[in-house]
Amino acid sequence: MKTDDRKMWADLGIDLQRHDTFLNLLPPVYQETYLSQNNRPEHMEFFDFVVGDIHGIRVRELREHAQNGSKVVAAYCVFVPEEIVLAAGAILVGLCAGAQFSVPLAEDILPRNTCALIKSSFGFKLGRICPYVQTSHLIVGETTCDGKKKMFEILGKYQPVYVMEVPNKKTQLSRALWLGEVKSFKQVIEKLTGDEITADRLAQATKLVNDRRRALQRLYSARKAAPVPISGKDALLVTQVAFYDDVARCIQQVNALCDEVESRIAGGDGVFPANARRILITGSPMAIPNWKLHHILETAGAAVVCEETCTGTRYFDNLVPECEGTVEEQLENIADRYLKINCACFTPNDERLSDIVRLAKEYNVDGVVHYNLQFCHTYANEAVKVEETLAEAGIPLLRIESDYSNEDEGQIRTRVEAFLEMIRR
Ligand code: BJ8
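Residues numbered from 1 in each chain as written. Predicted model: local features only at pLDDT ≥ 70, side-chain atom pairs only at ≥ 80, totals over all residues. Heavy atoms only, no water.

(A) Molecular detail of the overall build of the chain. Along the chain, the regular secondary structure elements total 19 helices and eight strands. Relative to its length of 425 residues, the chain is compact, with a C-alpha radius of gyration of 21 Å against a globular reference of 22 Å. Along the longest, intermediate and shortest principal axes, the C-alpha atoms of the chain span 60 × 50 × 45 Å. Counting only residues that meet the buried cut, the chain has 58% of its 425 residues in that class. Restricting the contact set of the chain to residue pairs at least 6 apart, pairs at least 24 apart contribute 76%. Seen as two clouds, the 49 positive and the 59 negative side-chain charges of the chain have centres 2 Å apart. (Helix = DSSP H or I, 4+ residues; strand = E, 2+ residues; numbered from the N terminus. Rg over C-alpha atoms; globule rule 2.2 N^0.38 Å. Buried < 20%, exposed > 50% of the residue type's maximum accessible area, 1.4 Å probe, protein only. Contact = heavy atoms within 4.5 Å. Lys, Arg positive; Asp, Glu negative; His and termini not counted. Charge placed at Lys NZ, Arg CZ, Asp CG, Glu CD.)

(B) Spatial organisation of the packing of aromatic side chains. Evaluation of the coordinates by the stated rule reveals 14 aromatic pairs. Residues Y30 and Y34 carry aromatic rings whose centres are separated by 4.8 Å and whose planes lie at 15 degrees to one another, so their mutual orientation is stacked. Of this pair, Y30 and Y34 both sit in helix α2 (residues 16-35), four residues apart, roughly one helical turn. Like Y34, Y30 is buried. In textbook terms, an aromatic cluster arises when at least three aromatic residues are bridged by ring pairs, as seen for F22, F101 and F124. Cation over ring: K170 sits above F346, and NZ or CZ is 4.5 Å from the ring centre. The ring of Y220 has R223 lying over it, and the distance from NZ or CZ to the ring centre is 4.6 Å. (Phe/Tyr/Trp six-rings, centres within 6.5 Å; stacked < 30°, edge-to-face > 60°. Lys NZ or Arg CZ within 6 Å of the ring centre and 35° of its normal.)

(C) Here's a closer look at the pattern of salt bridges. Under the criterion given, the structure shown has 39 salt bridges. The residue R40 makes a salt bridge to D48 at a minimum N-O spacing of 2.8 Å. Residue classification places R40 among the buried positions, given a relative accessible area of 16%. Among the residues examined, D48 registers a relative accessible area of 17% and is labelled buried. Measuring nitrogen to oxygen at the nearest pair gives 2.5 Å for the salt bridge that ties R212 to E82. Here E82 lies in helix α5 (residues 82-87) and R212 lies in helix α11 (residues 199-222), a separation of 130 residues in the sequence. Residues R212 and E82 agree in their burial class; the two are buried. (Salt bridge = Lys/Arg side-chain N within 4 Å of Asp/Glu carboxyl O.)

(D) Representation of the packing of helix α17 (residues 350-362) against helix α18 (residues 377-393). Where α17 meets α18, the axes come as close as 10 Å, and the angle between the chain directions of the two elements is 45 degrees. Regarding the angle of α17 to α18, the classification is oblique. Considering the relative orientation of α17 and α18, their crossing is right-handed. On α18, the residues touching D350, R352, L353, I356 and V357 of α17 are Y379, E382, K385, V386, T389, L390 and A393. (Axes fitted to C-alpha atoms, helices over the stretch in contact; angles between N-to-C directions. Parallel < 35°, antiparallel > 145°, perpendicular 65-115°, else oblique. Left-handed = near helix turned anticlockwise from the far one by under 90°.)

(E) Structural view of the environment of C323. In this structure, C323 sits in the loop between α15 (313-316) and α16 (327-338). Beyond its immediate stretch of four places on either side in the chain, C323 contacts A203, Q330 and N333.

(F) Examining the packing of helix α7 (residues 116-126) against helix α9 (residues 146-155) more closely. Between α7 and α9, the shortest axis-to-axis distance is 10 Å and the interhelical angle comes to 10 degrees. Classified by the angle their axes make, α7 and α9 are roughly parallel. Contacts between α7 and α9 involve L117, I118, S121, F122 and K125 on the former and, on the latter, G147, K148, M151, I154 and L155. Taken together, the residues of the contact of α7 with α9 sort by class into six nonpolar, two polar and two charged. (Nonpolar A, V, L, I, M, F, W, Y, C, P; charged D, E, K, R; others polar.)

(G) Seen up close, the sheet that holds strand β8 (residues 397-402). Across the sheet, which stays open at both edges, the four strands sit in the order β6-β5-β7-β8 with parallel pairing between neighbours. In this open sheet, the two strands that pair with only one neighbour each are β6 (302-308) and β8. Across the sheet, the mean angle separating the axes of adjacent strands is 25 degrees when strand polarity is ignored. Taken together, the five bridges between strand β5 (residues 277-283) and strand β7 (residues 367-373) define a ladder with parallel strand orientation. Residue pairing in the sheet places I281 in a bridge with V369 of β7. Seen against the sheet, α18 touches β5, β7 and β8 and runs at an angle of roughly 170 degrees to β8. (Pairing = 2+ DSSP bridges.)

(H) Here's a closer look at helix α4 (residues 57-67). Taken as a whole, α4 has its buried residues at R58, V59, L62 and H65. Taken down its axis, α4 places every buried residue within 120 degrees of arc, on the same side. Following α4 by one or two positions, G69 has its phi on the positive side, about 95 degrees. (Arc of directions from axis to C-beta.)

(I) Local environment of the layout of surface pockets. Within this model, the second largest pocket holds a volume of roughly 560 Å³. Along its surface, the second largest pocket is lined by 20 residues, and V29, Q100, P289, Y404 and N406 are the ones closest to its centre. For the lining of the second largest pocket, the elements supplying multiple residues, two or more each, are α2 and α14 (292-299). Here the element with the most residues in the lining of the second largest pocket is α2; it accounts for six residues. Class assignment for the residues of the lining of the second largest pocket results in nine nonpolar, seven polar and four charged. (1 Å grid on protein atoms, 1.4 Å probe; cavity = no way out; pocket = protein on both sides within 12 Å on 5 of 7 lines; lining within 4 Å. Points joined across faces, edges and corners; volume = space filled by probe spheres on them.)

(J) How the structure looks around the sheet that holds strand β3 (residues 138-142). With respect to topology, four strands assemble into an open sheet ordered β2-β1-β3-β4, the strand pairing being parallel. Strands with a single pairing partner mark the edges of an open sheet, and in this sheet they are β2 (91-94) and β4 (161-164). Mean inter-strand twist for the sheet, computed between neighbouring axes without regard to direction, equals 30 degrees. Across three bridges, the pairing between strand β1 (residues 72-75) and β3 is parallel. Its bridge partner being in β3, A75 is matched across the sheet by V140. Contacts between α9 and the sheet are confined to β3 and β4, with β3 contributing the most and set at about 155 degrees to the helix. Lying on the sheet, helix α10 (residues 172-193) is in contact with β1, β3 and β4; it crosses β4 at an angle near 160 degrees.

Pasting the structure below:
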């Protein structure tokens, strides 16, 4: 830990004592979860470095950006259109929301029966632990679920918050509402930054964000190979880091990793034995450092080969059409792309069901694990339809409900082991 980092954190209003405790918890977990893996791609070194300095270099970059008069915008959901933020010269960061450490702090204010993602994110702000929140000028929320929607009202007492209304259906009327929201968001960002979003700038930003989507799609495509050339844990980490790393650097690093991973495929080099059971995880997003389920699965002999989650395919599937049209036309393209995200907040959400079956086939999986955070009613209820759909398709399913604590690890491991035994090849 560098001395000037401590000064930076103090300047950001971080509670240093609490922050020290939090940062000291991470290395042993990372060692056990990540560094103990065998035969990892060498290019994972960059991602290890990013996590090793999680509140250092990147925060410093954001501070410098802010000191040069630009803005930092923070979000918790993949519905916030990054293209618009970048086109105004600002940076979008995904906020930490995957740690148990901040949950008890949030429970002083929020009901305990709220999902861990909401409590963790709120606790980070309340406890002044996260330098990314502290660096940001605006937090952008959304109305995807009731818990978040109401949490954002309370969060607004501590920091400027703007909430985008995400519709609950995908009808023409809903599309009109969402397009209106996207246009209003552009105005909010222009006002925040004092920069006009021109057609050129928006087209450039769209291309950049698409390039990151293409790089992540490439990585996921490599996971279809047998033996699988990269662990699910490592692939998850890459996506998690993509939420807050510099976009251009992330594209370069993910593509360099893909080069290596593709040459492993050519050489038949894998991280798990060829007969390891291939698993697709679907459900709630796994914000950093939520690695629990992947760790349990992969230390029980499975290979996680795909995630149908917002820290997986929902983050990068579907590109925004790249065009030289007017700002208005480009905003329509952006609105349409984001409305294709199959979040369980939509009713009906049948596209997610068919997506799970499609991915299960494309990645040649032996089974699906449906993961939902405890107290997340949308994903828990949608799991009933996922179960029916997978039963019809003849694909085995295991449903896991969990939070960020370690208390249920033994119980989950027992269920995972029984499931893997059942789907043995
Ligand atoms: S687009 S999945 S990132 S909302 S787990 S907070 S839904 S109670 S995270 Fe999500 Fe956007 Fe949808 Fe994706 Fe609420 Fe459920 Fe908690 Fe959730």
